[in-house]
Amino acid sequence: MFKLKIFRLCLIVLVVLSVIVFTVSCGSQKTEHQEQQEQKISFPEKPINLVVWGSPGGGSDVFGRTLAKAAEPILGKPVVVENKPGGGGATAMAYLAGQKPDGYTLLAVTTNYVLTPLTKKTPNTYKDFDPVIMIGRDATMTAVKADGNIKSLEDLVAAGKGKNLKWGTFGVGTTDHIAAAIFQKNTGIKVDFVPFEGGGEAMAALLGGHIDVLNGNPSEISGQLQAGQLKGIGVFSPERLVDYKDVPTYKEKGYDIIVETWRGIVAPKGVPEEVKKVLFEGFKKALDDPAMKDYYKKNNIIQEVKNGQEFYDFIEQQNEFFENILTEMGLIK
């Protein structure tokens, strides 16, 4: 009888201890879950640095500053834009590669993100970074001085038959250079390509008469087009641009050349998934800001949003596409 009582007492103690352990365990799990939730909403805790690889006034700069301003109230912290031009984006990519993968340093990229590593054999490629979001695609437009002798693509070809045209580009193997080089090959015109580090510098050279023609994104030349200083003579897109209906496509003129620029944001490789998710959602929501909508409309940009993985897959396809073109052009081996 005594042994039975002892057995029952031990059984009760075991049950009580089990309940205590279970309660403590649940409490611990809840605390851990709460901590994870706190970590999710604690980013960002300080300003975010958004690097752009163009000089002030260029297309990359306009894109970066417009998006940064629209994202600030959503992310809850300042998004500070820093210009690091040079090497068709190589300087900015090298800088980003050396930053901590904490989500506080980002880079606004364009198609040069794959073109520059292909042509310059830079130490950093798209594989060294984590895509955050793709925001859209925009056209490449050919422009000349409005008061110059070249008024059309026909005039451009005629001028290039008689002399070496000075054609401004943002480096060897960039989208604007590739488009112009394909045109040169198709027509047999003579061209001296003149590289610049940013859209602002190239614009000044064209307006100053130091070059004859320039390829640029609408965001880089819209102000001068509207002011009547420049004249668009062709776009490397499937269709005419909404706000520039008077500018023909190269395709309708008999040159089937389509070269567009895509834009997005990338981060150092290794940024935590939760941080990238906060950034993606923040920048995606920023696209609904009136200033961003105006940016899309004013610059004839087609909005196309991709998340990090989708953007990475797209970049891989673009890398293969341009690698084949550049090889055919003899720009890479």
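In what follows, the structure referred to is the one given above.
Residues numbered from 1 in each chain as written. Predicted model: local features only at pLDDT ≥ 70, side-chain atom pairs only at ≥ 80, totals over all residues. Heavy atoms only, no water.

Asker: Just to check I follow, could you spell out the overall build of the protein chain for this structure?
Answerer: The helix and strand tally for the protein chain stands at eleven helices and eleven strands. Out of the 333 residues in the protein chain, the part that is buried amounts to 48%. A separation of at least 24 residues holds for 78% of the contacts in the protein chain among residues at least 6 apart in sequence. Total accessible area on the protein chain is roughly 16200 Å²; 54% of this is exposed by carbon and sulfur atoms. (Helix = DSSP H or I, 4+ residues; strand = E, 2+ residues; numbered from the N terminus. Buried < 20%, exposed > 50% of the residue type's maximum accessible area, 1.4 Å probe, protein only. Contact = heavy atoms within 4.5 Å. Areas by Shrake-Rupley, 256 points an atom, 1.4 Å probe, with all protein chains shown as cover.)

Asker: Even after reading the chapter, I still don't get the packing of helix H2 (residues 59–75) against helix H9 (residues 273–286), so can you show me in this structure?
Answerer: Helices that pack against each other are described as a pair by the angle of their axes relative to one another and the distance between those axes. Relative to each other, H2 and H9 sit at 115 degrees, their axes nearing to 8 Å. Where H2 crosses over H9, the two elements pack in a sense that is right-handed. Where H2 approaches H9, its residues Leu67, Ala70, Ala71, Ile74 and Leu75 are matched on the opposing element by Val278, Gly282, Phe283, Lys285 and Ala286. A class-by-class count of the residues in the contact of H2 with H9 yields eight nonpolar, one polar and one charged. (Axes fitted to C-alpha atoms, helices over the stretch in contact; angles between N-to-C directions. Left-handed = near helix turned anticlockwise from the far one by under 90°. Nonpolar A, V, L, I, M, F, W, Y, C, P; charged D, E, K, R; others polar.)

Asker: Please clarify how helix H10 (residues 290–298) should be interpreted in this entry.
Answerer: One turn of the α-helix equals 3.6 residues, which is why residues spaced by three or four share an orientation. Burial in H10 covers these residues: Met292, Tyr295 and Tyr296. The arc that holds the buried residues of H10, viewed along the axis, is 95 degrees, so those residues lie on one side. For H10, the exposed residues set more than 90 degrees away from the buried face come down to Pro290 and Lys297. The inward-facing, buried residues of H10 abut H2, strand S4 (129–138), strand S10 (261–268), H9 and strand S11 (302–306). Between a side-chain oxygen at the N-terminus of H10 and the backbone nitrogen of Ala291 the separation is 2.8 Å; the capping residue is Asp289. Two residues or fewer after H10 comes Asn300, characterised by a positive phi angle close to 55 degrees. (Arc of directions from axis to C-beta. Polar contact = N/O pair within 3.5 Å; in protein donor to acceptor, adjacent residues only side chain to side chain.)

Asker: Is there a simple way to explain the sheet that holds strand S2 (residues 79–83) in this structure?
Answerer: Two pairing modes exist for strands in a sheet, parallel and antiparallel, and in both the strands are linked by backbone hydrogen bonds. Sheet architecture is open: six strands sit in the order S2-S1-S3-S10-S4-S11, paired in mixed fashion. Each edge of the open sheet is held by one strand with a lone partner, namely S2 and S11. The average angle at which neighbouring strand axes cross in this sheet is 25 degrees, direction not considered. As paired elements, S4 and S10 share eight bridges and run antiparallel to each other. From the neighbouring strand, Arg137 faces S10, where its bridge partner is Trp262. (Pairing = 2+ DSSP bridges.)

Asker: Sorry if this is basic, but what is going on with the side chain of Thr122 here?
Answerer: For Thr122, the location among the structural elements is in the loop between helix H4 (112–120) and S4. Residue classification places Thr122 among the buried residues on the basis of a relative accessible area of 16%. A polar contact is formed between the side chain of Thr122 and the backbone oxygen of Asn124, at a distance of 2.9 Å.

Asker: Even after reading the chapter, I still don't get the packing of aromatic side chains, so can you show me in this structure?
Answerer: Aromatic ring pairs are described here by two measures, namely the spacing of the ring centres and the angle between the planes. Scanning the model with the defined rule gives twelve aromatic pairs in all. With a centroid separation of 5.0 Å and 80 degrees between ring planes, the pair formed by Phe183 and Tyr255 is classed as edge-to-face. Taken together, the residues Phe183 in helix H6 (residues 175–187) and Tyr255 in the loop between strand S9 (230–235) and S10 connect sequence positions 72 residues apart. Each member of the pair, Phe183 together with Tyr255, is buried. For the pair Phe321 and Phe322, a centre-to-centre distance of 5.1 Å together with 70 degrees between the ring planes defines the contact as edge-to-face. By relative accessible area, Phe321 is classed as partly exposed at 40%. Through a chain of ring-to-ring contacts, three or more aromatic side chains come together here, namely Trp167, Phe183, Phe236, Tyr250 and Tyr255. Above the face of the Tyr104 ring, Lys46 is positioned so that its terminal group lies 4.7 Å from the ring centre. It is Lys84 that lies over the ring of Tyr95; its NZ or CZ is 4.4 Å from the centre. (Phe/Tyr/Trp six-rings, centres within 6.5 Å; stacked < 30°, edge-to-face > 60°. Lys NZ or Arg CZ within 6 Å of the ring centre and 35° of its normal.)

Asker: Explanation requested: empty space enclosed by the protein in the structure shown.
Answerer: Sizing a probe to match a water molecule and rolling it over the atoms shows the empty space that remains. Under the counting rule described, the total for this entry stands at one cavity of 30 Å³ or more. Put simply, the largest cavity is a space of about 270 Å³. What lines the largest cavity is a set of 25 residues, among which Trp53, Ser60, Asn112, Phe170 and Glu220 lie closest to the centre. Of all the elements in the fold, those that place two or more residues in the lining of the largest cavity are H2, H6, strand S8 (213–216) and S10. (1 Å grid on protein atoms, 1.4 Å probe; cavity = no way out; pocket = protein on both sides within 12 Å on 5 of 7 lines; lining within 4 Å. Points joined across faces, edges and corners; volume = space filled by probe spheres on them.)

Asker: What am I meant to see in the nonpolar core here?
Answerer: It is characteristic of soluble globular proteins that their nonpolar side chains tend to be buried jointly. One finds Leu67, Leu106, Ile265, Leu279 and Phe283 to be the most contacted residues of the largest nonpolar core, which totals 31 residues. Residue assignment for this core shows that the elements contributing at least two residues are strand S1 (48–52), H2, S2, strand S3 (105–109), S4, S10, H9 and H10. The element best represented in this core is H2, accounting for six residues. Excluding residues that lie within four positions of it along the chain, Leu67 makes contacts with Ile265, Phe283, Ala286, Leu287 and Met292. Judged by nonpolar contacts, the second largest core, of 24 residues, contains Trp53, Leu107, Val109 and Phe129. (Core = buried A, V, L, I, M, F, W, Y, C linked by side-chain atoms within 4.5 Å.)

What is shown is where atoms sit, not what they do.
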